Amino acid sequence: MYIFLTSSPCIPNADRALLNPVNEFVERMHAALPDDPEALFVCSHPDSYELTDRFARDMYDAFDEAGMPFGGYTVLDSRTEERAAELVRSSDFIILAGGHVPTQNAYLQKINLRGLMMDYQGVVMGISAGSMNAARVVYAQPEMEGESVDLNYQRWLAGLGLTQTMLLPHYQQVKDWMLDGRRLFEDITYTDSMGHTFYAMVDGTYLYIENGVETMMGECYRISDGQITQVCKESEKLPIKP
């Protein structure tokens, strides 16, 4: 199995979705995908049809322009969930959409995607929340107003188990965010990192997994026990040990 867990697979601020070639992303994806793969786009919200369909079409177009046309693609959401097992079995390429981590996580558990993918041998790509939910244990970093102070908000969730690595996407965008009157990273995430390790990725960086071997590709920061350290730069590679 080949797994690409991205912050974003696309070039930032482009006028349309175009795959970002930095850190060997397009090159490695070309090598991993079969010709004319059957793609399955897994939603982040089961009932946000218009948004999900647009994201799926953007990915279809981006891969086509990069010389990796899909043979076809299907969206997995509440419209098709009764066929989830069949759709997973028949796909060569599973794309886990970005969105709100807990919302997507609840849906992935509802359809038992972890169980359905137990013997999956194709290619997987995560985008943002989809990459976060790929972990065995997911750190659902608070992102919406009220979540960081809500005593009922669950920051630790069961994920798909594709990796042990907990990822935080879009670091270049969110590193200075304020949430509920506090700094998202210094006051919230650093505290949550006590006894844990997170990897904060900028767009263009991704965690590449081939046959269980994990490599961070590009600029990345390790957050652990309240400290942050840059551990990889653009165009560099960092082996990630379980």
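The structure under discussion appears in the preceding block.
Residues numbered from 1 in each chain as written. Predicted model: local features only at pLDDT ≥ 70, side-chain atom pairs only at ≥ 80, totals over all residues. Heavy atoms only, no water.

1. Remarks on the overall build of the protein chain
In step 1: Broken down by element type, the protein chain carries 8 helices and 16 strands.
In step 2: Scaling as 2.2 N^0.38, a compact globule of 242 residues should have a C-alpha radius of gyration of about 18 Å, and the protein chain matches this with 17 Å.
In step 3: Summarising its shape, the C-alpha atoms of the protein chain cover approximately 45 × 40 × 35 Å along the three principal directions.
In step 4: Pairs at least 24 apart in sequence give 71% of the contacts found in the protein chain among residues at least 6 apart.
In step 5: Accessible surface, the protein chain as shown: approximately 11200 Å² in total, 47% of it carbon and sulfur.
In step 6: Taken together, the 18 basic and 35 acidic charged side chains of the protein chain have centroids lying 5 Å from each other. (Helix = DSSP H or I, 4+ residues; strand = E, 2+ residues; numbered from the N terminus. Rg over C-alpha atoms; globule rule 2.2 N^0.38 Å. Contact = heavy atoms within 4.5 Å. Areas by Shrake-Rupley, 256 points an atom, 1.4 Å probe, with all protein chains shown as cover. Lys, Arg positive; Asp, Glu negative; His and termini not counted. Charge placed at Lys NZ, Arg CZ, Asp CG, Glu CD.)

2. Looking at the pairing of strand 15 (residues 227-232)
In step 1: Pairing of strand 14 (residues 220-224) with strand 15, which is carried by 5 bridges, proceeds in the antiparallel orientation. Following the sheet pairing, R222 is matched in strand 15 by T229.
In step 2: With antiparallel pairing between neighbouring strands as the criterion, strand 14 and strand 15 make up a hairpin whose turn holds 2 residues, including D225 at a positive phi of roughly 50 degrees. (Pairing = 2+ DSSP bridges.)

3. Let's talk about unusual backbone geometry
In step 1: Of note in this structure, S128 is not a glycine but carries a positive phi near 55 degrees.
In step 2: Tracing the backbone through its elements, the reader meets S128 in the loop between strand 5 (123-127) and helix 6 (129-132).
In step 3: With relative accessibility at 12%, the residue S128 sits in the buried group.
In step 4: With phi around 50 degrees, D225 is a residue other than glycine that occupies positive phi space.
In step 5: Checked against the element boundaries, D225 lands in the loop between strand 14 and strand 15. (Buried < 20%, exposed > 50% of the residue type's maximum accessible area, 1.4 Å probe, protein only.)

4. Some thoughts on the pattern of salt bridges
In step 1: Counting across every chain of the model gives 11 salt bridges.
In step 2: In this structure, D187 engages R183 in a salt bridge whose closest nitrogen and oxygen atoms are separated by 2.9 Å.
In step 3: Look at D187 and you get partly exposed, because its relative accessible area is 26%.
In step 4: Sharing partners across several salt bridges, the network here consists of D15, R16 and E65. (Salt bridge = Lys/Arg side-chain N within 4 Å of Asp/Glu carboxyl O.)

5. Here we look at the environment of K237
In step 1: Within the secondary structure layout, K237 lies in strand 16 (residues 237-240).
In step 2: Along the chain, K237 and T205 lie 32 residues apart, while their C-alpha atoms are 10.0 Å from each other.
In step 3: Of the polar contacts made by the side chain of K237, one reaches the side chain of E24; its length is 3.4 Å. (Polar contact = N/O pair within 3.5 Å; in protein donor to acceptor, adjacent residues only side chain to side chain.)

6. Comments concerning the packing of aromatic side chains
In step 1: Per the stated rule, a full pass over the model turns up 14 aromatic pairs.
In step 2: Of note, R28 hangs over the ring of Y208, and the distance from its end group to the ring centre comes to 4.6 Å. (Phe/Tyr/Trp six-rings, centres within 6.5 Å; stacked < 30°, edge-to-face > 60°. Lys NZ or Arg CZ within 6 Å of the ring centre and 35° of its normal.)

7. Quick notes on the nonpolar core
The tendency in soluble globular proteins is for nonpolar side chains to be buried side by side.
In step 1: Ranked by internal contacts, the top residues of the largest apolar core, which has 31 residues, are V42, I94, L113, M117, V124 and M216.
In step 2: If you list the elements that add at least two residues to this core, you get strand 1 (2-6), strand 2 (38-42), helix 3 (84-90), strand 4 (93-96), helix 4 (101-110), strand 11 (197-201), strand 12 (206-210) and strand 16.
In step 3: With 3 residues, the single largest contributor to this core is helix 3.
In step 4: Beyond its immediate stretch of four places on either side in the chain, M117 contacts V88, I94, V124 and L162. (Core = buried A, V, L, I, M, F, W, Y, C linked by side-chain atoms within 4.5 Å.)

8. Observations regarding the sheet that holds strand 13 (residues 213-217)
In step 1: Spatially, 3-2-4-5-1-12-13-16 is the arrangement adopted by the 8 strands of the open sheet, whose pairing is mixed. Each having just a single partner strand, strand 3 (72-76) and strand 16 make up the two edges of the open sheet. The mean angle between the axes of side-by-side strands here comes to 20 degrees, regardless of whether they run parallel or antiparallel.
In step 2: Of the pairings in the sheet, the one linking strand 1 to strand 12 comprises 5 bridges and is antiparallel in character. Bridge assignment links L5 to a residue of strand 12, and that residue is L207.
In step 3: The sheet contacts of helix 1 (residues 25-32) involve strand 1, strand 4, strand 5, strand 12, strand 13 and strand 16, and relative to strand 1 the element is tilted by about 150 degrees. (Axes fitted to C-alpha atoms, helices over the stretch in contact; angles between N-to-C directions.)

9. Comments concerning the environment of A200
In step 1: Structurally, A200 can be placed in strand 11.
In step 2: Taking the C-alpha atoms as reference, A200 lies 15 Å from V101; in sequence the two are 99 residues apart.

10. Description of helix 2 (residues 49-65)
In step 1: Taking 1.5 Å per residue as the helical rise, helix 2 with its 17 residues ought to reach 24 Å, and the 24 Å between its terminal C-alpha atoms agrees with that figure.
In step 2: Within the span of helix 2, buried status applies to T52, A56, M59, A62 and F63. Projected down its long axis, helix 2 shows its buried positions confined to an angular sector of 125 degrees, all on one face.
In step 3: Elements in contact with the buried residues of helix 2: helix 1, strand 2, strand 3, strand 4 and strand 5.
In step 4: Backbone geometry just after helix 2 places G67 at a positive phi near 85 degrees. (Expected span 1.5 Å × (residues − 1). Arc of directions from axis to C-beta.)

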